[in-house]
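If you want the building blocks of each chain, they are given just below.
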Amino acid sequence: MAWVITRLCRDCVDMSCVEVCPVDCIYQSQGGEFPNQLAIDPEECINCGVCEPECPWEAIYEDEQVPDVFQEDVGLNAQVSSAKDNFAVPETDEKDKPTPDQIAENKTKWGLN
Ligand code: SF4
Ligand code: SF4
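Residues numbered from 1 in each chain as written. Chains lettered and ligands numbered in written order. Predicted model: local features only at pLDDT ≥ 70, side-chain atom pairs only at ≥ 80, totals over all residues. Heavy atoms only, no water.

(A) Examining the overall build of the protein chain more closely. Regarding its fold elements, the protein chain presents 3 helices and 5 strands. Element order for the protein chain, N to C, with α for helix and β for strand: β-α-β-β-β-α-β-α. C-alpha atoms of the protein chain, sized along the principal axes, occupy 35 × 30 × 30 Å. The proportion of buried residues among the 113 residues of the protein chain is 43%. Surface exposure of the protein chain reaches about 6,200 Å², of which carbon and sulfur atoms provide 44%. (Helix = DSSP H or I, 4+ residues; strand = E, 2+ residues; numbered from the N terminus. Buried < 20%, exposed > 50% of the residue type's maximum accessible area, 1.4 Å probe, protein only. Areas by Shrake-Rupley, 256 points an atom, 1.4 Å probe, with all protein chains shown as cover.)

(B) The site of ligand 2, seen in detail. Around ligand 2, the structure places Trp3, Cys21, Pro22, Val23, Cys25, Ile26, Ile40, Cys45, Ile46, Cys48, Gly49 and Cys51. Its residues assigned to classes, the shell around ligand 2 shows 11 nonpolar, 1 polar and no charged. (Near = heavy atom within 4 Å. Nonpolar A, V, L, I, M, F, W, Y, C, P; charged D, E, K, R; others polar.)

(C) Geometry of helix H3 (residues 100-109). For H3, the set of buried residues is Ile103, Asn106 and Lys107. Along the long axis of H3, the arc covered by the buried residues comes to 100 degrees, so they all point the same way. The exposed set on the far side of H3, more than 90 degrees from its buried face, consists of Asp101, Glu105 and Lys109. (Arc of directions from axis to C-beta.)

Functional significance is not addressed by these values, which are geometric in nature.
Next comes the structure, spelled out in structure tokens:
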């Protein structure tokens with residue numbers, strides 16, 4: 001079991017999760033075809049759940065709770081384990097937090113609602 005960053009993170013990439021992860025297992029692609037979202041290495045994640053409430057975009061789920069429309073993201077997160085050279089722990093970057101309307105619009109954009 002691990003936690004998964006879904007596409008609700010895509011292009012938001014607020015990085016609040018990175019700041020709190022105690023084992024630095026949240027990664028960013030260093031180029032290539034990977035979408036602009038962060039990903040959790042499922043082999044390094046200790047399942048502490050600390051990152052989930054820190055995400056302003058509500059993008060992080062336990063793997064067993066990932067909605068059907070985001071199942072592809074489970075495989076994207078697993079790519080960190082299988083292609084580690086392509087990923088690195090990013091520098092954190094303070095950003096404005098989204099409003100409730102923006103959070104809802106992002107969920108609708110990705111088919112959650
Ligand atoms: S806090 Fe949420 S939106 Fe920000 S990088 Fe982490 S998962 Fe993505
Ligand atoms: S559940 Fe804990 S260990 Fe796993 S990514 Fe989140 S903060 Fe890191």
